[in-house]
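Structural features, examined
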Amino acid sequence: MPILSRLGMVFAQKWIAGVSISDAIRKAREINGNGEKVIMNYLGEDLTDRRKIDSEIMCYKELLDSMRRNRIKGAISVKPTQLGLFLQEKLFAESLDGIAAYASKRKIFVWLDMEDYEFVEKTIDIYSRLLQKRKNVGICIQSRLRRSYDDVKRLAGAGARIRLVKGAYKYTDDISYMYDSEVDANYMRCAGYLFKNSDGFMIATHDSHLIEECRRLERRYKKRAQFAMLKGIRGMLAKELADGGEEVYIYMPFGEEWFRYSIRRLSEEGHALLLLRSVFQG
Ligand SMILES: Cc1cc2nc3c(=O)[nH]c(=O)nc-3n(C[C@H](O)[C@H](O)[C@H](O)COP(=O)(O)OP(=O)(O)OC[C@H]3O[C@@H](n4cnc5c(N)ncnc54)[C@H](O)[C@@H]3O)c2cc1C
């Protein structure tokens, strides 16, 4: 690896679990040792080359074998456009089904990341069809989107497992809430619905206020949620939650595409300084 890349990698290791499957497994073991579970994500998106998509699927299968062999406690997460959605819906549906079947034999759960708005409807559609035959797959829903409360109701009603996030993509105000306070209010509206109506869901946020509110709902409804945070962000809070008896997952991306992911984390609006601070504070 050239010197600049090596330097960048040292910096990026805060929120990336390395380049190879063995790097990621090593990190996953450490995290499991801390009492937290992992969500492993092999970095890749917007793929249009069929051979590249097939090789990503192979990599996920290798990862699933390795997780099983090493008794890693956790799940994997895949991106729709990594598995062919950019190219063809049918290809994505088949790729996801193949990975879910492989994971199911190894008793591993598969999460579906949610990407940009243009893919939301198709992702939910294909997921809903898959849900009729596979129960080991869950879907991410973004509270930033105006449509999400209805999606949560419909999906939860069909038995879906939902990972609730605020949403990493910015949209126009016809499809998305524009103010943080609205995004947060919709987050709690969706979470409230899940606490009342769903048996398994994931609260994926680093926002202490939302986490506190959800813990209050846990007590009120006598129901446990899973909590999840990204590797390298608010690690101390994640540890506190795990030590307090919560089921906590750390989302760990890895792979050759680490540079693009790191730049995205850095450029997330308003987060560059927080991220720099987290690099030094943990
Ligand atoms: C497990 C997991 C999976 C996700 N999957 C998806 C997905 O599939 N699709 C999608 O669109 N989005 C996804 N996201 C990203 C999510 O949508 C948000 O962009 C991201 O989590 C920041 O929002 P927040 O809920 O933490 O709240 P914010 O209000 O953004 O942050 C709350 C607090 O957390 C801390 N914080 C947050 N981000 C950072 C940072 N980068 N550096 C340092 N401190 C930070 C700060 O203290 C901040 O005040 C995922 C997030 C998590 C945790």
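The following refers to the structure shown. Sequence order sets the numbering: in each chain, residues are counted from 1 along the sequence as written. Totals for whole chains, interfaces and linings use every residue, but because this is a predicted model, local features are given only for residues with pLDDT of at least 70 and side-chain atom pairs only at 80 or more, for both listing and counting. Hydrogen atoms and water are omitted, and side-chain values are computed over all heavy atoms in the structure.

Packed helix pairs are characterised by how far apart their axes lie and by the angle those axes make with each other. Put simply, helix H6 (residues 148-157) and helix H7 (residues 180-197) touch, their axes get as near as 10 Å, and they point 15 degrees apart. When the interaxial angle is binned, H6 and H7 end up roughly parallel. Between H6 and H7 lies a crossing whose hand is right-handed. Of H7, the residues touching H6 (which contributes Ser148, Tyr149, Val152, Lys153 and Ala156) are Asn186, Arg189, Cys190, Tyr193 and Leu194. When residues are sorted by character, Ala, Val, Leu, Ile, Met, Phe, Trp, Tyr, Cys and Pro go into the nonpolar class, Asp, Glu, Lys and Arg into the charged class, and all the rest, Gly among them, into the polar class. For the contact of H6 with H7, the class distribution of residues is six nonpolar, two polar and two charged. Lines are fitted to the C-alpha atoms to define the axes, a helix being fitted only along its stretch in contact, and any angle between axes, read from their N-to-C directions, falls within 0 to 180 degrees. Numbering of helices and strands runs from the N terminus; a helix is a DSSP stretch of H or I covering at least four residues, while a strand is a stretch of E covering at least two. Orientation labels follow simple angle bins: below 35 degrees gives roughly parallel, above 145 gives roughly antiparallel, 65 to 115 gives roughly perpendicular, and whatever is left gives oblique. Crossing handedness follows the turn of the near helix against the far one: under a right angle anticlockwise gives a left-handed crossing, and clockwise gives a right-handed one. By definition, residues are in contact when any of their heavy atoms lie within 4.5 Å.

What follows is about the pattern of salt bridges. Two side chains with opposite charge may pair up if their charged atoms get near one another. Any Lys or Arg side-chain nitrogen found within 4 Å of a carboxyl oxygen on Asp or Glu counts as a salt bridge. Per the stated rule, a full pass over the model turns up 23 salt bridges. Between Glu247 and Lys37 there is a salt bridge, with its nearest N and O atoms 2.9 Å apart. Within this pair, whereas Glu247 is found in strand S8 (residues 247-254), its partner Lys37 is found in strand S1 (residues 37-42), the two being separated by 210 residues in sequence. With a 1.4 Å probe rolled over the protein chains alone, any residue whose accessible area is under 20% of its type maximum counts as buried; one over 50% counts as exposed, and the rest are partly exposed. Accessibility expressed as a relative area gives 29% for Glu247, which makes it partly exposed. Overall, the relative accessible area of 26% leaves Lys37 in the partly exposed class. The shortest N-O distance in the salt bridge between Arg224 and Glu218 comes to 3.6 Å.

Another aspect to go through is the pairing of strand S2 (residues 74-78). Of all the five residues making up S2, four are buried; the element is thus mostly covered by neighbouring parts of the structure. Examined bridge by bridge, S1 and S2 share three bridges and lie parallel to one another. Bridged to Ile39 within S2 is Ala75. Note that the unit made of S1, helix H3 (residues 50-69) and S2 has a crossover that is right-handed. A pair of strands is considered paired only if DSSP assigns at least 2 bridges between the two. Crossover handedness is defined by viewing with both strands directed away from the observer: a clockwise path from the first strand over the helix to the second marks the crossover as right-handed.

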